[in-house]
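If you want the building blocks of each chain, they are given just below.
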Amino acid sequence: MRRGRKARQQKPQKISAVGPGLPGGRFRPLTRSDEQQVHKTILDVLENIGMGDPIPIVKEKALERGCFMNEHGRLCFPRAFVEDAIARAPKNAHFFGRDPRHDMDVGDGRVHTYGGGEAVNMLDVGASSYRPSTLADLYDAARLVDRMDNIHALARLVVATEIEDQLTCDINSAYVSAAGTLKHTQLTFADASHVQPTLEMLYMIAGGKEKFHERPFCNGGGCPVISPLRYGQDNSEVCVESIAFGAPVWVTVAPQAGATAPAALAGAVVQATAEALAGMLMVHVVDPDTPVVLGPWPFVSDLRTGSFTGGSGEEAVVSAAAVQMINFYGLPSSVGAGMTDSKTPDYQAGYEKALAIALAAQAGCNDVSECSGMLGSLMALSLESMVIDNDLLGAVLRTVRGIEVNEETLSYEVMQQVVHGEGHYLRTEQTLGLMRTGYEYPALANRLTPGEWEEAGSTDIRQAAGERVKSILSSHYPDYIDPATDAKIRERFPILLAPENMRPGNQRW
Amino acid sequence: MTEEYDDEIILSELPDDELVEQMHDDLYDGLADEIAEGTQILLDRGWSAPQVLDKALVGGMAIVGVDFRDGILFVPEVLMAANAMKAGMAILKPILSETGAKPVGKMVIGTVKGDIHDIGKNLVGMMMEGAGFEVIDLGINVDAETYIEAIEENQANILGMSALLTTTMPYMKVVIDALQEAGIRDKYIVLVGGAPLNDEFGEMIGADAYCRDAAVAVDVAKELMAAAS
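Note that the coordinates shown come from a computational prediction; the quantities given were computed from them, not determined experimentally. (Residues numbered from 1 in each chain as written. Chains lettered and ligands numbered in written order. Predicted model: local features only at pLDDT ≥ 70, side-chain atom pairs only at ≥ 80, totals over all residues. Heavy atoms only, no water.)

Chemist: So what's going on with the side chain of Glu440 of chain A? Which residues, and what values?
Modeler: Residue and element names in this part refer to chain A. As for its placement among the helices and strands, Glu440 is situated in the loop between helix 16 (429-434) and helix 17 (450-455). We note that Glu440 is buried and unpaired, the nearest opposite charge coming from Arg398 at a distance of 6.9 Å. A distance of 3.3 Å separates a polar side-chain atom of Glu440 from the backbone nitrogen of Ala17. In this view, Glu440 contacts Ser16, Ala17, Val18, Asn150, Gly394, Ala395, Arg398 and Arg447; residues no more than four positions away in its chain are not counted. (Helix = DSSP H or I, 4+ residues; strand = E, 2+ residues; numbered from the N terminus. Buried < 20%, exposed > 50% of the residue type's maximum accessible area, 1.4 Å probe, protein only. Lys, Arg positive; Asp, Glu negative; His and termini not counted. Salt bridge = Lys/Arg side-chain N within 4 Å of Asp/Glu carboxyl O. Polar contact = N/O pair within 3.5 Å; in protein donor to acceptor, adjacent residues only side chain to side chain. Contact = heavy atoms within 4.5 Å.)

Chemist: I'd like to hear about the packing of aromatic side chains, residue by residue, with values.
Modeler: Residue and element names in this part refer to chain A. Evaluation of the coordinates by the stated rule reveals 10 aromatic pairs over all chains. Ring plane angle 15 degrees and centroid distance 6.1 Å describe the contact between Phe77 and Phe81, whose orientation is recorded as stacked. Pair check on accessibility: Phe77 and Phe81 agree, each one buried. Between Phe328 and Tyr329 the ring centres are 5.2 Å apart and the planes differ by 70 degrees, which places this aromatic pair in the edge-to-face class. Owing to a relative accessible area of 27%, Phe328 belongs among the partly exposed residues under this scheme. For Tyr329, a relative accessible area of 7% gives the class buried. The ring of Phe217 carries the charged tip of Arg98 above its face, separated from the ring centre by 5.3 Å. One cation-aromatic arrangement involves Arg143 over Tyr477; the distance from NZ or CZ to the ring centre is 4.0 Å. (Phe/Tyr/Trp six-rings, centres within 6.5 Å; stacked < 30°, edge-to-face > 60°. Lys NZ or Arg CZ within 6 Å of the ring centre and 35° of its normal.)

Chemist: Lay out the pattern of salt bridges with the relevant residues and their values.
Modeler: Residues and elements named next belong to chain A. The final tally for this structure, using the stated rule, is 30 salt bridges over all chains. For Arg32, the salt bridge goes to Glu35, with nearest N and O atoms at 3.6 Å. Placement of both Arg32 and Glu35 in helix 2 (residues 32-49) is noted, with a separation of three residues, approximately one turn of the helix. For Glu35, a relative accessible area of 3% gives the class buried. Taken together, the shared-partner salt bridges in this structure form one network comprising Lys40, Asp44, Glu47 and Arg79.

Chemist: Residue-level account of the nonpolar core, with values.
Modeler: Buried together is how nonpolar side chains tend to be arranged in soluble globular proteins. Judged by nonpolar contacts, the single largest core of 85 residues is most densely connected at Leu144, Met201, Leu202, Phe245, Leu381, Leu383 and Met386 of chain A. Grouped together as the second largest cluster of nonpolar side chains are 51 residues, Leu14, Leu43, Phe68 and Met225 of chain B included. (Core = buried A, V, L, I, M, F, W, Y, C linked by side-chain atoms within 4.5 Å.)

Chemist: Describe the pairing of strand 1 (residues 106-111) of chain B, and please don't skip the residues or the numbers.
Modeler: Residue and element names in this part refer to chain B. Across the six residues that make up strand 1, a large majority, five, are buried. Pairing analysis gives four bridges linking strand 1 to strand 2 (residues 134-137), with the strands arranged parallel. Note on strand 2: the bridge partner recorded for Lys106 is Glu134. (Pairing = 2+ DSSP bridges.)

Structure representation (C-alpha cells):
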C-alpha cells in the first residue's frame with residue numbers, strides 16, 4: 001500500500017490512541033454495600049440536617065414542592081423528593097465548542113479533562129518564584145489549551161489580579177478565553193449581575209443571540225456552598241442566573257476533610273456529595289430541565305498545619321469515591337485532580353498529579369478539573385506544567401481506554417505466524433495497524449537512550465516544556481474573533497487586553 | 001497505641017512547682033477541666049492572677065507553640081490546648097480586669113466583606129486565644145464600619161482581617177483607608193491573612209504585617225504588642 005509520503009510530510013496526521021469521552025468507571029474505591037451506606041447517609045443529611053441559608057427564590061420553590069424548614073431554620077429535602085429529583089435530572093450534559101470538533105457529550109462515566117483552577121499567581125518559564133497573574137496570562141493559557149490535545153475544555157486557569165472591578169474582570173476573562181481557544185469554556189462570575197452583560201458580549205462573538213444559544217460555547221456556574229452544609233448567597237445567585245446560558249450549570253463544593261468536613265474519609269464523601277446534590281437541587285427547583293454538572297470536590301487538610309493539601313493519597317482516593325457516588329446517581333460529575341502541593345513542575349508534582357488524575361479518570365469522572373498546569377495547591381499556574389500535564393493526561397487516558405480483548409487482539413494466529421516465520425512482530429500487519437492508533441506518544445517525555453540524552457545536552461523535562469511553550473505561544477495567535485466584531489466589542493465593553501498584546505511581537509514571547 | 005498515663009494525680013496535693021509543671025502537661029494534652037482546677041488551686045494558694053497567667057498558662061502554651069512549629073503537635077491538638085487555656089482564662093479574666101492588670105492583648109477579627117471563607121480566620125482566633133489574647137470574632141462578610149465600631153468599642157489592640165478570594169482582598173485596603181480617614185490608624189496593629197495574600201500585598205495596602213499562618217499570627221502579634229508598649 002502506498003502511504004503517500006509527501007502528503008503525510010506536508011500535513012502530519014494527528015492520530016492519537018486517546019480522545020475525549022473514553023468510558024471510565026472501572027476503579028471503584030467503594031464496594032456496592034459501601035455505596036448503599038453512603039447513599040443512605042446522604043439522604044439522612046439532606047432530610048434531617050438540611051442546608052442553611054437558602055436564597056429566597058430557592059427556598060420558596062423548594063417549599064412549594066414539599067421541602068421544609070426544620071426547627072433550626074434549615075432547608076430540608078425529603079428523601080423521596082431527592083430521589084425524584086435525581087431520577088428527573090438530565091443525565092447527560094452536552095458541551096459545545098466553537099468548533100464541533102471540540103463538542104463534548106458528558107455523562108455516564110465518559111472521561112473529559114478541563115483546564116481550570118483560578119490561581120492567582122504565575123510561575124514563568126524557567127522562574128523559581130511566583131508573580132501575580134494577569135489578564136494576558138489568562139489569554140496565553142487559553143491559547144496554549146487550544147493546542148493541547150488532551151485538555152478538552154477550558155475554565156478560568158488564572159485570575160486577572162490587576163483588574164479591580166469585578167464585572168470588568170469577568171467580562172475580560174470571558175473575552176480572552178474566546179479569543180484564545182475554540183474549546184468549550186466554563187465561566188466564573190463574582191456576582192449574578194455579571195452574567196447578562198457577559199452573555200451580551202458572547203452573543204456578539206457568536207454572531208447573535210440565537211446563534212449563541214444554538215451552540216452555547218460557554219457555560220456558567222459556581223461554588224454555592226459554604227461547608228459544612230450552608231448555602232452561600234452570592235454564588236447561589238450566580239448558579240441560578242447561569243441557567244440563562246441555556247447550557248449545563250456547573251456546581252462545585254469543596255469541603256475540607258478535618259476542617260470543614262469530617263476527617264473520616266467516608267464522612268467527607270458523604271458531606272461533599274450531599275452538598276453537591278444540594279447545589280443541584282437548588283438549580284433543579286428553579287429549572288428541572290437544565291443539566292447540572294455536580295462537583296463534589298472533597299479537599300483534604302494537612303492536619304499538621306491546617307492547610308489544604310491537594311497532592312495527598314487521601315485526596316486522590318476520596319475524590320475518586322466522590323466520582324463513584326455521582327456515577328451511582330447517574331449524574332454528570334466533576335472533581336478536582338492534579339492539585340499538587342509542589343511549587344514547581346518537579347518529581348513531587350509529577351507523582352501527585354498522576355496519582356490523583358489517574359484515580360479520578362479511572363473512576364469515570366466526566367470533567368476532571370484543575371488537571372492542567374496547576375501548582376502550589378492551586379496557588380499558581382505554570383505553562384511548562386501544562387504542556388507536561390498534556391503528556392500525563394494522554395498516558396492516563398490511555399489507561400482509561402484499557403485493553404480491548406477479542407479474538408483478533410488475543411493474537412493467537414499472529415503468534416503462530418511469527419513463531420514459524422520471521423521471529424518478530426515488527427513487520428506484521430497488526431503492528432503496522434496499531435503502532436499509531438493503539439499507542440499514545442508523549443510530546444515531551446524523554447525516551448532517548450542515556451547516550452543520546454547526554455549528547456542532546458542532558459536536558460530535563462522542564463527545559464523541554466519551556467521550549468514547547470515558547471514555540472507555541474510565539475506563533476499561535478489565532479483570529480477566533482474577527483477584527484470587525486472585535487472592534488465592536490471593544491467599543492461596547494472595557495476590554496483591557498490591547499490588540500498589540502494579541503499579536504506576534506508583543507514583549508511576552 | 002497511646003501511652004498510659006497516671007490519671008490518679010491529685011492536683012491539690014502537688015507542691016507549686018510540680019503543679020505548674022503538671023499544668024503545662026495538661027495544657028499540652030488539652031485538658032480543660034484540669035487546667036481550670038489547677039488555676040483555681042494556684043489562686044487559692046495566694047498566687048496573683050498575672051502570675052498564674054504568665055507561669056502556668058502562657059508558659060505552657062509556649063511549649064505547645066514550639067512543638068507545633070516543630071511538627072510534633074498537629075493543629076487539632078493545638079486547638080484542644082487553646083481550649084484548655086481558655087478554661088483557665090475564664091477564671092483569671094474577672095480578677096485581671098478587677099485588679100487593672102494589663103491583659104496580653106485584645107484582637108478584633110473577621111473575614112472581610114464579600115468573603116464567606118472563615119476556617120483560617122477561626123484558626124487564628126483560636127490560636128490567639130490560646131496565647132492569652134482576648135478575641136472578638138465578628139464572623140464573615142464584615143464591612144469597614146463594623147470593624148471600626150468593634151475595635152473602638154472594645155478598645156482592642158489588634159485588628160485582624162482575612163480573605164480567601166482575590167476579589168475580596170482589596171477590601172482590606174478599604175478598611176485600612178477608613179481607619180486612616182477616621183484618624184485612628186496608628187492606634188491599632190493591623191494584621192492580614194489568607195491564602196492568596198503575601199508580604200507585598202500586606203505592605204501595599206498599609207497593614208502592619210501579613211501573617212502566613214495562625215502560628216505566625218500569634219508570634220507577630222506578640223512581637224508588635226511588645227514593640228508598641
